[in-house]
Amino acid sequence: MNRHKFWRGLTPLEVCSSQAVPERIVKLSSIGSDFIVLGSDHCLYHCDIEENRLEFKKVPGISAIDISYHNDVVYIIDVHGRLYKTNSSFKSKEEIVVKEEAKCCPHGFKSSSFKVKFRNVVTSDFGQLFISSDGQLWGSGTMLHIALDTTSIKKVSFFEGRTVYSASVGQNFAAVIARKNVKRSGTYDTESDNDDEEVFASNCSQCQTIIGLASPASVPSLSETCPLGVQISKSSEDSSSTTAPQTDVHVDAHSFTEDSSPSSEESKIARNNATQRNSNVETNPSEQEVKVLEDDDERTEIITDTPHGSTDKINNIFINTDAARQFLSKQLSWVSAGEDYLVECTEKPTRIIKENVSNLTNFVYEGVKTVGDKVATLSRHVSGSSENNEVVELQLKNYNDEINSLMYNCTSHCNFDDLQLSTSTISSEKEFETGRKNENIKNMSKLGKNILATELWTWGDISYGQLGIGDTVKRLKPMVVMSLSGYGLQKVSCGKWHCSALTLDGRLFSWGYNHYHQVSFDSRYDKSGPKQFTEKSDSDRVRDMIATDHHTLTYTHNENIFYMGKHTNGFTESLIKLNDETADKEVTENNKTVPVKITESQIVGNKPQNMCYHWRILSSGNISYCSLEDSKCLEFQDLSIAQRYLEEMLLIYHSLIKPFLKKSKAVNVHSIIYENVCDIFGDILNITALNVLSMWQYAEKHINECDISLIKNLEEYIYLYRKYYVAVSNLIVIGGFSQINSIVDVSSSIYNLFIDQLPSYKQKNNKKTLEAIVALAFVQPLTRLSSYKCIAQSILRYKKKRKKGDFKSNIEERLSNVVSSLDSLIEEQEKKRKEADVTKLFWETTGKSLDQYRIPERRLVRESKSRSLNLVNPGRFSSHWFILFNDLFVHVSGSTPNLHPLETVWIESIPNNDSLLNMIQVTTPEEVISLSTNTEQDKTEWLHALNTSIRTKLNRDPNFKTPSIRSADYTFSSKIAFYKDAKYSGRWLDGKTHGSGRLEWPDGKLYVGQFQLNALCGHGKMEIPTVGIYEGQWKDNLQNGYGVMKYVTGDIYEGYFKDGQPHGHGIKKQGDFTSSSATIYTGEWVNGAKQGYGVMDDIGKGEKYLGSWSDNKKHGCGLIVTLDGIYYEGLFVQDVLTGHGVMVFEDGTHYEGEFRSAGFFYGKGVLTFSSGDKIEGSLSGAWTEGVKLSNATMHLNVSNPTPPANSKPNSFGKLSVAPHQKWNALFRQCFQCLGVSDTILTPTGNHFANGPSGATIDNTKIWHNVAVAISCSHKDKHVKTPKKSKDIDRQKLVDSLEVIPRFGQSTLSLDSYTELRQYLQNQACESLHHPLGRLVLGLTNAFNTTYGGVRVHPLLLSHAVKELKSITSRLYQVVRLLFPALPPEGTDVVLSYRRNYSNDEDDETVDSNPIEGEVVSAASLLQPTLLPRVHPALFVLYALHNKREDDLYWRRLLKWNRQPDITLMAFLGIDQKFWIGYTGHNNQMSPTYTPLKEQLFHDAVETLQQLKTTFSPIEKLLVIRSTFEKMTTAVQQELGENYLWNMDDLFPVFHFVVVRARILQLGSEIHFVEDFLEPCMQHGELGLMFTTLKACYIQVLQEKMTIN
């Protein structure tokens, strides 16, 4: 509860209790012997003084937020910001209309002028100053320094580019507090004294277009935005802003800085608007004024701890056009505060903040945020355009004084929960937290810096030193008081010829006329510079002050009111305390002065208020006033502690840090460390200012405990102080304080601050002493952490005293957490500084030998000279010194240091034995060091120190065991030859590379992949600069397994390796494919050379070789086909065809005999021509150059004039590699993968010696190996080529493959066989992860490479068929390893179909498959898998082989198909009963028949055409059967269901269907089926139907008759 206290001079005045006195008095002005006061209810009261008693009389008809009286003129600013002038009798009131000058927009149109709204006025003989709602300074009178000489009110152009917060005028001088506007340019904040603001003209179409750019759908609602980029919650009461009364006779109290408090009228206007948000906004001013008075005592707030913002959004902006509203909404979403900061952590802030429209004024007002560009101008333009929107105009100017609270609350709510940080570069939650804290600290520091960055400008007469600039030399322009810049000025107040200013840290500075001791008591001389006010109690600080006429009043935290200067009975010789406690007590007991009664609705103490301070002291003339509290406020004691800390920080910063930064270029080494310390010190200073501000708010009961900056942002404070103690520790280690001392002179003020902390024997100017002073200054923020702890404990005590009950509130828990956290922080920083001091001493005593390893972050942990640690079995004369740092373990052998980074050091305690005690084994990547200690205790200490240091370096929890597996970087030396000088980055296991990693050698060789126990093992990729790039499997540092080698020459090898060489099956592509000079080899390799069976496609020579190789040369049986159509077959020796061989030409001519080389006859042989003629004898010479005959005989073909087509030599096919010897490497690789021993294979390795038997092969082990192979392959492929497409399906397939099937293991049924077949065809053979799938892919690729491409010869067909059958046979043996229940090859098993039909026997006969069971064989099981993969290449061979017959067949088919159906049917001899729907008249179809009858056999024709879409013989037979069924169905529909075919009827009709089906290359299809049809299928129904098809084909070929 507050009491009103009045004095005249030093004499107390009494207030009668029965009078209607306002709750609070916010302004006081003397009028002659009486005075007037302005109450917090916006009413004016006239006060008469009779015999030291006061009588209050309310002045009717006036509602004001500021008043000022001078020369019988009273200036009044009403609640709407309008300025009036009246006399002391208040008889008539005249409005003074001030308009902003019209400006031109960039397009040449003039904007309309608008009326300026004001919030403060001060007057004196010197002139009048007015502060507008947007912080601009206006004035009238004669002030030539600021270019004023007019009776009308003009804007002071000198202060453009600055926002003015407080102004005061003396007899002949004036002073204002201002701050530079900060304009954002791109991503940088730039200060500008005179930034051009953009102008918007309402009559300019282009401006209107710009204004209309923002769409309501694309910008945040105005109710969601805040200039600080913070989410503002709204309390359950529709909250706006609570304001403090104005309490200075000048403008000072109302508008001193951004920390000033707006009048309570403004909060009522905001409240009024909030209550009207759903009603018609066009309320006339008089109605609003009534509403304001009704709502006078309702207090609201911007921010509370309510977690959820209100859903009511107030979006009523009272402007003329929707376009302007949209523009303003958009701009205000991005407006920033303080240094115009935005939430810079977001590229596109999608969650700016929700807030009430009544806070709109804060956004536009340039005090905390320099709107700087379009918004401020636009808001003024639109608000001034109509007289009906004055409430909004006031909103745009309201709350400018409330900036500090908005800043504070926004900061305290600036948690990253509400900020969207781009996480594209953030890899972990820890990094995100760090980013969040850094961003919070950055924003808090900006606000703190903004609070401190004030300027005090003075101008006018200087004869008494009243300008405060240190001299009395006349100035023509306003001067800034440099000694007070950057101290966070809160208030300035001018007396007649003296001036006072109050800073954020609670210090009062005065200067000017001192004849009555109104400035200082040390003398009566005038003071030309700021003199700090001091009183007896050092802990007491100034809470409020005012300077008037010839005296100064000061109100301190301890509720003391001090008077200095002239009074009614003379002047003060010493400091006089007005509120003598004894006198106060007596007066209270006599009931002469009683507390003012405050109704319940007026109590605001329980509600947090978003205002800065409640100025309590006023004075005018010889009348003084103060609002006293009944009980002492202990919170101000805590504020004093915080202010003392801020004062010390400001002193250190301005006297030491700033001078050092200016000269920091002199620092050459570790300059970044110095800059870092200074930067963090600056941040600490700024957030200290922010904390002091919030503490002041808390002490005035405007916010609660949890809104104090220290408590609300505890995490950020601790994080910042941790950063600081680490930075300071680094500075200590490098001896930075000595360097700073040598660059900057230590001022006496710094010296005096710390002199009591130095030993008495220290000499003042000693270098070490000054260095110690510098050190104390830099660690002062850490030393003063105890003050924060003291404050938190004090607040906790107050809380506990005031609470009711024993329960522990959340606030108490938070405060307890603050205390414990600060305790831990204090302990931490002391420990870290001690470590730094020890390390510094170590470096200073070590000498130069290890100086190169002295880096700021490195700390000494232990060393063996002070704590014994010895090498086991050292050399006789060797010396060993072990040093443990926080990141290195150093072994100094003699004078040579060996460095072991702790990330790659493993420690193991060796158990004691008879010969060795107290052993510790230190394992590093290149050596193992055995150490011992003298005692068990030493061993324990060393083990603990080593393990703790390693865990700390690895960022692991110290409570857990040191991990043996870890990730680290390491550079090898030359101790291990393979790793010589290589840089490794990856996983480790007990000192060995193990897991995934990256290895780079100095010569540019690079490996990325898997490691195992210090060796390259697993899947990996290596780049070898002069060789090429290998990617695949590794083992023991060499290529082992499947891989791809891309050579620098352009050659590519893809296949299997062993010990770094191609070994096994592989494909090598050599040469330049663009110039057709390339070769492709597919086949077997041994130790890097071609050896075994292989296929070489020589594109340059135009030939393909299929045969044996040895040592990269053709050697053994083989054959060659050329582009010319020549076929060679025989024995090759060293690349040359030598001895007996075969040569076949394209026209059928062939030679069998001795060769010297391909195409060169040399010895006995038989040359057979295509005509059938033969030459037999000795032939020699090249075929192309002429052949020499000797002892030769010519055999003419006279007996058989038409020789058989495709005649071949007798030895054809006998001189090439046998089919079962081809592609053995692929099968061996598969057997190896399955874990089958080579001992059960034949010497050729291609098939089983005695067939697979259960006794020698462990089926379970094979399946285990399959599962392992699948898992490993999947993992490697996933690492190698992660593909997004079909990933889910592939993963499901792999998962299903890893399940070992139960079917086909012991017995075989139809169901299990069906599952087995599906497993093979749909899963195993389709997956590259399965050994069978890899084998099938390798075999089919090899087959297609051999028989595909442009060099295809029809004579290769027989080889291809034999090879494919051999592949099927051998693959079946592999499948039998997995499924032993399958029958041996050659033993066909028929699995009967189960019958589940419920119909009669006849139906069963019709519907069921005529084959009574499923035949199990190699062909039936594997052909559906193999044949589709090789069909293109294989069928080309068939087509070439049957080309002559197929061409003849096709020519006849085209001719026959040109005939109508009836003609063709007659030609083919079809019985006329099948001529359904046709007549014989002119061989034309009658139009009377329906299409169904016309297409009697159309379905059969379409079905037979599907023959080309199938790939296996059984599928083709089923198509033929389906064709017959379609024919039967069609005929039975016409001739009756009981009709049965006979062959005489069937063959011609089927012949007709075959002709109409027009199947291409039918002869090749038939040939293919004949070659691969199983014996069991050649008989029975399917065999008969196939024979019928074959007969039709032969009939077409051999038909002698033609269609007439």
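**Some details on the overall build of the protein**
For step 1, the next point in the chain: In terms of helices and strands, the protein carries 36 helices and 60 strands.
For step 2, the next point in the chain: Classification of the 1604 residues of the protein by burial places 55% in the buried group.
For step 3, the next point in the chain: Here the contacts in the protein between residues at least 6 apart in sequence split such that 59% fall between residues at least 24 apart.

**Quick word on the environment of Leu639**
For step 1, the next point in the chain: Tracing the backbone through its elements, the reader meets Leu639 in helix H11 (residues 635-662).
For step 2, the next point in the chain: Among the residues examined, Leu639 registers a relative accessible area of 0% and is labelled buried.

**Side note on a nonpolar patch on the surface**
For step 1, the next point in the chain: The grouping of Met1194, Leu1196 and Val1198 at the surface amounts to a nonpolar patch, some 340 Å² of accessible area in total.
For step 2, the next point in the chain: Within the secondary structure layout, Met1194 lies in strand S58 (residues 1188-1195).
For step 3, the next point in the chain: By relative accessible area, Met1194 is classed as partly exposed at 45%.

**Here we look at the packing of helix H33 (residues 1513-1535) against helix H34 (residues 1543-1557)**
For step 1, the next point in the chain: Packing of H33 against H34 leaves a shortest axis separation of 11 Å and a crossing angle of 110°. Classed by the angle they form, the pair H33 and H34 counts as roughly perpendicular. The handedness of the crossing between H33 and H34 comes out as right-handed. Residues Ile1520, Thr1523, Phe1524 and Met1527 of H33 lie in contact with H34, whose contacting residues are Leu1546, Val1549, Phe1550 and Val1553.
For step 2, the next point in the chain: When grouped by side-chain class, the residues that make up the contact of H33 with H34 number 7 nonpolar, 1 polar and no charged.

**A closer look at the sheet that holds strand S39 (residues 928-932)**
For step 1, the next point in the chain: Across the sheet, which stays open at both edges, the 4 strands sit in the order S33-S39-S38-S37 with antiparallel pairing between neighbours. In this open sheet, the two edge strands, each paired with only one partner strand, are strand S33 (870-871) and strand S37 (906-910).
For step 2, the next point in the chain: Note that strand S38 (residues 919-923) and S39 share 5 bridges and pair antiparallel. Bridging across to S39, Gln921 finds its partner in Ser930.
For step 3, the next point in the chain: Lying over the sheet, helix H20 (residues 936-953) contacts S37 and S38, oriented at roughly 160° with respect to S37.

**Comments concerning the pattern of salt bridges**
For step 1, the next point in the chain: All told, the structure shown has 44 salt bridges when counted by the stated rule.
For step 2, the next point in the chain: In this structure, Glu1326 engages Arg1429 in a salt bridge whose closest nitrogen and oxygen atoms are separated by 3.2 Å. Pair noted here: Glu1326 is in the loop between helix H24 (1310-1323) and helix H25 (1331-1347) and Arg1429 is in helix H28 (residues 1418-1441), with a separation of 103 residues, a long-range link.
For step 3, the next point in the chain: Take Arg1429: its relative accessible area is 24%, and that puts it in the partly exposed class.

**Description of the packing of aromatic side chains**
For step 1, the next point in the chain: This model, assessed by the stated rule, comprises 66 aromatic pairs.
For step 2, the next point in the chain: Ring geometry for Tyr1007 against Phe1011: centres 5.1 Å apart, planes inclined by 90°, an arrangement best described as edge-to-face.
For step 3, the next point in the chain: Relative accessible area serves as the criterion here: at 3%, Phe1011 is assigned to the buried category.
For step 4, the next point in the chain: Between the aromatic rings of Phe1497 and Phe1552, the centroid separation amounts to 6.3 Å while the plane-to-plane angle is 65°, which identifies the pairing as edge-to-face. With Phe1497 in the loop between helix H31 (1491-1494) and helix H32 (1498-1505) and Phe1552 in helix H34, this pair connects stretches of sequence that are 55 residues apart. The same class applies to Phe1497 as to Phe1552, namely buried.

**Some details on helix H21 (residues 1224-1234)**
For step 1, the next point in the chain: Listing the buried residues of H21 in full gives Asn1224, Ala1225, Leu1226, Phe1227, Cys1230, Phe1231 and Leu1234.
For step 2, the next point in the chain: One or two positions beyond H21, positive phi appears at Gly1235, with a value near 80°.

**Some words on the sheet that holds strand S21 (residues 489-494)**
Sheet strands line up and pair through hydrogen bonds in the backbone, either parallel or antiparallel.
For step 1, the next point in the chain: If you walk across this open sheet you meet the 4 strands as S21-S22-S23-S24, and the pairing is antiparallel. Taken across any chain shown, the strands that pair with only one partner, and hence form the sheet edges, are S21 and strand S24 (527-532). Within this sheet the neighbouring strands show an average axis-to-axis angle of 15°, counted without direction.

**Section: the state of the cysteines**
For step 1, the next point in the chain: Evaluation of the coordinates by the stated rule reveals 0 disulfides.
For step 2, the next point in the chain: Cys1230 takes part in no disulfide bond, and the closest cysteine sulfur to it belongs to Cys1233, at a distance of 6.6 Å.
For step 3, the next point in the chain: Its relative accessible area of 5% is what places Cys1230 among the buried residues.

**Points about unusual backbone geometry**
For step 1, the next point in the chain: Backbone geometry at Glu51 places phi at a positive 50°, although glycine is not the residue there.
For step 2, the next point in the chain: Among the secondary structure elements, Glu51 is positioned in the loop between strand S5 (44-50) and strand S6 (53-59).
For step 3, the next point in the chain: By relative accessible area, Glu51 is classed as exposed at 75%.
For step 4, the next point in the chain: Look at Asn71: it is not a glycine, yet its phi comes out positive at around 55°.
For step 5, the next point in the chain: With respect to the helices, strands and loops of the structure, Asn71 is situated in the loop between strand S7 (64-70) and strand S8 (73-78).
For step 6, the next point in the chain: On the basis of relative accessible area, Asn71 is assigned to the exposed category, the value being 58%.

**Here's the deal with the layout of surface pockets**
For step 1, the next point in the chain: Taken as a whole, the second largest pocket encloses approximately 1,800 Å³ of empty space.
For step 2, the next point in the chain: Considering the residues around the second largest pocket, the lining is formed by 43 residues, among which Tyr725, Lys832, Glu835, Asn886 and Thr952 are closest to the centre.
For step 3, the next point in the chain: For the lining of the second largest pocket, the secondary structure elements donating two or more residues are helix H9 (429-452), helix H12 (671-699), helix H14 (714-733), helix H19 (810-846), strand S32 (860-863) and H20.
For step 4, the next point in the chain: Here the lining of the second largest pocket takes 10 residues from H14, the largest share from any one element.
For step 5, the next point in the chain: Tallied by class, the residues present in the lining of the second largest pocket amount to 13 nonpolar, 10 polar and 20 charged.

**As for the side chain of Arg951**
For step 1, the next point in the chain: For Arg951, the location among the structural elements is in helix H20.
For step 2, the next point in the chain: Among buried Asp, Glu, Lys and Arg side chains, Arg951 stands out as unpaired, with Asp957 the closest opposite charge at 6.9 Å.
For step 3, the next point in the chain: Apart from residues no more than four positions distant in its own chain, Arg951 is found in contact with Arg956, Asp957, Pro958, Phe960, Lys961 and Thr962.

**A closer look at the nonpolar core**
For step 1, the next point in the chain: Counting 117 residues, the largest nonpolar core has Phe1379, Leu1382 and Leu1434 as its most contacted members.
For step 2, the next point in the chain: For this core, the element with the highest residue contribution is helix H26 (residues 1356-1378), accounting for 12 residues.
For step 3, the next point in the chain: For Phe1379, the contacting residues outside a window of four places in its chain are Trp1263, Pro1301, Phe1303, Gly1304, Gln1305, Leu1316, Tyr1319 and Leu1320.
For step 4, the next point in the chain: With 106 residues, the next largest nonpolar core counts Phe660, Leu685, Leu714 and Val733 among its residues.

**A word on the packing of H25 against H26**
For step 1, the next point in the chain: Contact pair H25 / H26: the axes reach a minimum separation of 11 Å and the direction vectors enclose 175°. Between H25 and H26, the interaxial angle falls into the category roughly antiparallel. When H25 is examined against H26, the residues Leu1332, Leu1335, Val1336, Leu1339, Phe1343 and Tyr1347 are found in contact with a partner set consisting of Leu1356, His1359, Ala1360, Glu1363, Leu1364, Ile1367, Leu1371, Val1374, Val1375 and Leu1378.

**A look at the environment of Gln1505**
For step 1, the next point in the chain: Tracing the sequence through the fold places Gln1505 in helix H32.
For step 2, the next point in the chain: Of the residues examined, Gln1505 reaches a relative accessible area of 34% and is grouped as partly exposed.
For step 3, the next point in the chain: If we ignore the near neighbours within four places in the chain, the residues touching Gln1505 are Arg1556 and Ala1557.

**Description of the environment of Thr1387**
For step 1, the next point in the chain: Topologically, Thr1387 is positioned in the loop between H26 and strand S59 (1389-1392).
For step 2, the next point in the chain: Residue classification places Thr1387 among the partly exposed positions, given a relative accessible area of 42%.

**Quick notes on the confidence of the model for the protein**
For step 1, the next point in the chain: In the predicted model, the protein carries a mean pLDDT of 77, and the fraction of residues at 70 or more is 76%.
For step 2, the next point in the chain: Contacts of residues 1279-1286 to residues separated by more than four positions or lying in other chains number 5 contacts, the stretch itself having pLDDT below 50.
For step 3, the next point in the chain: With pLDDT under 50 throughout, residues 1479-1493 is counted as low confidence; its partners more than four residues away or in other chains account for 14 contacts.

Rules used throughout
- Residues numbered from 1 in each chain as written.
- Predicted model: local features only at pLDDT ≥ 70, side-chain atom pairs only at ≥ 80, totals over all residues.
- Heavy atoms only, no water.
- Helix = DSSP H or I, 4+ residues; strand = E, 2+ residues; numbered from the N terminus.
- Buried < 20%, exposed > 50% of the residue type's maximum accessible area, 1.4 Å probe, protein only.
- Contact = heavy atoms within 4.5 Å.
- Patch = residues over 30% accessible without salt bridge, like charges linked within 9 Å, V, L, I, M, F, W, Y side chains within 5 Å.
- Areas by Shrake-Rupley, 256 points an atom, 1.4 Å probe, with all protein chains shown as cover.
- Salt bridge = Lys/Arg side-chain N within 4 Å of Asp/Glu carboxyl O.
- Axes fitted to C-alpha atoms, helices over the stretch in contact; angles between N-to-C directions.
- Parallel < 35°, antiparallel > 145°, perpendicular 65-115°, else oblique.
- Left-handed = near helix turned anticlockwise from the far one by under 90°.
- Nonpolar A, V, L, I, M, F, W, Y, C, P; charged D, E, K, R; others polar.
- Pairing = 2+ DSSP bridges.
- Phe/Tyr/Trp six-rings, centres within 6.5 Å; stacked < 30°, edge-to-face > 60°.
- Disulfide = S-S within 2.5 Å.
- 1 Å grid on protein atoms, 1.4 Å probe; cavity = no way out; pocket = protein on both sides within 12 Å on 5 of 7 lines; lining within 4 Å.
- Points joined across faces, edges and corners; volume = space filled by probe spheres on them.
- Lys, Arg positive; Asp, Glu negative; His and termini not counted.
- Core = buried A, V, L, I, M, F, W, Y, C linked by side-chain atoms within 4.5 Å.
- pLDDT = per-residue confidence, 0-100.

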